[in-house]
Amino acid sequence: MSIPLIDLALQHRNLRSEINSAIQEVLDRADFILGQDVAKLEDAFAAYCGTKFAVGVDSGLSALELSLRALGVGPGDEVLVPAHTFTATAAAVSFAGAKPVFVDVDPVTWNIDVENIEAAITPRTKAILPVHLYGLPADMNMIQGIAAKYNLVVVEDACQAHGAVYKGHRVGGLGSAAGFSFYPTKNLGGCGDGGMVTTNDAKVAETIRALRNCGQREKNVHELAPFNHRLDNLQAAILRVKLKYLDEWIESRHKLALHYNKLLAGLDIITPVEPPGYGHVFHLYVIRSKRRDALQAHLKERGIGTAIHYPNPVHLQPYYDKNGTARGQFPFAEKICNEILSLPMFPELTEEQVEIVVSEIRAHACGLSRR
Ligand SMILES: *Cc1c(COP(=O)(O)O)cnc(C)c1O
């Protein structure tokens, strides 16, 4: 018996003929660069998120970096980011030429702690970059309130949160722009890298269209920084197939997460929360355990795949700790890094497999109490 953390090959086996014909059509048309699937995926994804515009790019990191650039964030500016996230959130700020300023995360939701945001604002602060971590939206009304008070822009890091809901609205249109990733393991993932910006701001969309394509607003006039951050048309064709299944997959993840929550109740484990008004999409199902390392080793021995997202907070990563960030500065982010564990979670996982994972977690807890 073995239960993987995620099983992408299984997903692709189920979609084999649809994906193969989508790929074949691109090969037949040979419209590889900014071909018709990119435009069709942009329309479909904007409609899905309820935004006016969507612009395909080559990764989630590029989506965030170009969003910041299009909103005028650059050298001399500071951008507030949570200390507990994937490193790309902060990297997007650095690559836009600005400085990431870290904020600790909330003890209940593990997203940026809105109580700590105002204390981090300086005259140089230009933007807030909240992350909808693991698929749970950040507290966007509070964040927008603070942004309005200090005249800041808000860019959502929605790379883990396609389809997540905040107070009746899907993420992607809750700030000035949002960045999504189509990295293969994400809830909507390609067969390679890819990303998307969503926005309701025509100017931002138009600027990103130019920035992704050699800085051209007009052919052969390289007006803006001449980057190449285009979304590959083959990836767009595959993503168009998968987008049709996204809601079904989210529903399955959600059901499995509730099953985990129910079965884990009563054990010495903290399970993820979904506050009222929030629609969590469980990109990752993350628990907290005081004996995380031993538990992970036990599960590995039993053939159960787990991972740690992420073992070190961003402010302590070698690339960032030169900026004067230090251990002890963001106590909660530092604490949960030692406790978090991602359990198997993918739409094709079965309730029986969830039950096996939980029974092994229970066996581990009982074994400890007998010793
Ligand atoms: C995956 C991810 C990114 C970056 O996406 P890429 O497509 O890998 O560049 C950014 N932020 C978060 C929170 C992510 O999970």
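Residues numbered from 1 in each chain as written. Predicted model: local features only at pLDDT ≥ 70, side-chain atom pairs only at ≥ 80, totals over all residues. Heavy atoms only, no water.

Undergrad: How should the pattern of salt bridges be read in this particular structure?
TA: Between side chains of opposite charge, a pair can form as their charged atoms come close. Counted according to the given criterion, the structure contains 16 salt bridges. Across the pair Arg29 and Asp37 runs a salt bridge whose closest N-O atoms are separated by 2.7 Å. Between Glu360 and Arg302 there is a salt bridge, with its nearest N and O atoms 3.4 Å apart. Here the residue Glu360 occupies a position in helix α13 (residues 351-370), and Arg302 occupies one in the loop between α11 (292-301) and α12 (331-337), the gap between them amounting to 58 residues. For Arg302, a relative accessible area of 37% gives the class partly exposed. Residues joined by salt bridges that share partners form a network here, namely Arg29, Asp31, Asp37 and Arg240. (Salt bridge = Lys/Arg side-chain N within 4 Å of Asp/Glu carboxyl O. Helix = DSSP H or I, 4+ residues; strand = E, 2+ residues; numbered from the N terminus. Buried < 20%, exposed > 50% of the residue type's maximum accessible area, 1.4 Å probe, protein only.)

Undergrad: Would you mind going over the domain arrangement of the chain with me for this structure?
TA: Here the chain is partitioned into domain 1 (8-103 + 111-243) and domain 2 (246-369). Carbon and sulfur atoms supply 63% of the area that domain 1 and domain 2 bury against each other, a total of about 2,900 Å² over both sides. On the domain 1 side of the interface with domain 2, the three residues burying the most area are Phe102, Tyr134 and Asn187, jointly 26% of the side's total. Where domain 1 packs against domain 2, one counts one salt bridge. Here Asp247 makes a salt bridge to Arg170, at a shortest N to O gap of 3.3 Å. Connecting domain 1 to domain 2 are 18 residue pairs in polar contact (both at pLDDT 80 or more). Among the elements that make up the side of domain 1 that touches domain 2, the one with the highest residue count is helix α5 (residues 87-95) (five residues). Its residues assigned to classes, the side of domain 1 that touches domain 2 shows 21 nonpolar, 13 polar and five charged. (Domains from an automatic or database assignment. Buried area = accessible area lost by both parts, 1.4 Å probe. Polar contact = N/O pair within 3.5 Å; in protein donor to acceptor, adjacent residues only side chain to side chain. Nonpolar A, V, L, I, M, F, W, Y, C, P; charged D, E, K, R; others polar.)

Undergrad: What's the story with the site of the ligand in this structure? I'm lost.
TA: In the vicinity of the ligand lie 16 residues, with Gly60, Asp157, Gln160, Ser181 and Lys186 positioned nearest. With respect to the ligand, the side chain of Ser181 contributes an N or O atom lying 2.6 Å from an oxygen atom. Notes on the ligand: free accessible area 380 Å², of which the protein chains cover 92%. Of all the secondary structure elements, the ones that give two or more residues to the shell around the ligand are α4 (60-70) and α5. Grouping the amino acids of the shell around the ligand by side-chain chemistry returns seven nonpolar, seven polar and two charged. (Near = heavy atom within 4 Å. Areas by Shrake-Rupley, 256 points an atom, 1.4 Å probe, with all protein chains shown as cover.)

Undergrad: Where do I start with the sheet that holds strand β6 (residues 165-166) in this structure?
TA: Strand pairing within a sheet occurs via backbone hydrogen bonds; the two strands may be parallel or antiparallel. Ordered in space as β7-β6-β12, the three strands form an open sheet in which the pairing is antiparallel. In this open sheet, the two strands that pair with only one neighbour each are β7 (169-170) and β12 (278-279). (Pairing = 2+ DSSP bridges.)

Undergrad: Can you help me understand the pairing of strand β4 (residues 125-128) in this one?
TA: Regular strands place their side chains on alternate faces of the sheet. The pairing of strand β2 (residues 78-82) with β4 spans three bridges and is parallel. The residue bridging Glu78 from the neighbouring strand is Thr125, located in β4. Sheet topology note: the β4/strand β5 (residues 153-157) ladder contains two bridges and is parallel. Bridge pairing in β5 links Ile128 to Val154. In this region the chain leaves β4, passes through helix α7 (residues 140-150) and returns to the parallel neighbour β5; the handedness of that crossover is right-handed. (Right-handed = clockwise from strand over helix to strand, strands pointing away.)

Undergrad: I would appreciate a short explanation of the sheet that holds β2 in the present structure.
TA: Pairing is mixed in the open sheet, where seven strands are placed in the order β1-β9-β8-β5-β4-β2-β3. Pairing within the sheet leaves two strands with one partner each, and these edge strands are β1 (53-57) and β3 (99-103). Neighbouring strand axes in the sheet, compared pairwise and without regard to direction, differ in orientation by 25° on average. In this fold α5 packs onto β2, β3 and β5, with an angle of close to 150° to the strand it touches most, β3. (Axes fitted to C-alpha atoms, helices over the stretch in contact; angles between N-to-C directions. Contact = heavy atoms within 4.5 Å.)

Undergrad: For this particular structure, what's the right way to read α11?
TA: Residues lying three or four places apart along an α-helix face the same way, a consequence of the helix completing one turn every 3.6 residues. Every buried residue of α11 is listed here: Arg292, Leu295, His298 and Leu299. For α11, the angular spread of the buried residues around the axis is 125°, confining them to a single face. Of the exposed residues in α11, the ones pointing more than 90 degrees away from its buried face are Asp293, Lys300 and Glu301. Phi for Gly303, located one or two positions after α11, is positive at around 80°. (Arc of directions from axis to C-beta.)

Undergrad: What's the story with the nonpolar core in this structure? I'm lost.
TA: Across soluble globular proteins, nonpolar side chains have a tendency to be buried as a group. Ranked by internal contacts, the top residues of the largest apolar core, which has 44 residues, are Leu68, Val79, Phe102, Leu129 and Ile208. Where this core is concerned, the elements lending two or more residues are β1, α4, β2, α5, β5, α8 (202-212) and α12. Among the elements that take part in this core, α4 stands out by supplying five residues, more than any other. Shared between two domains, this core holds at least three residues of each, these being domain 1 (8-103 + 111-243) and domain 2 (246-369). Ile208 has contacts with Val55, Val57, Leu66, Ser67, Ala70 and Val197, leaving out every residue within four places of it along the chain. Residues Val103, Val114, Ala138 and Met196 belong to the second largest nonpolar core, which totals 43 residues. (Core = buried A, V, L, I, M, F, W, Y, C linked by side-chain atoms within 4.5 Å.)

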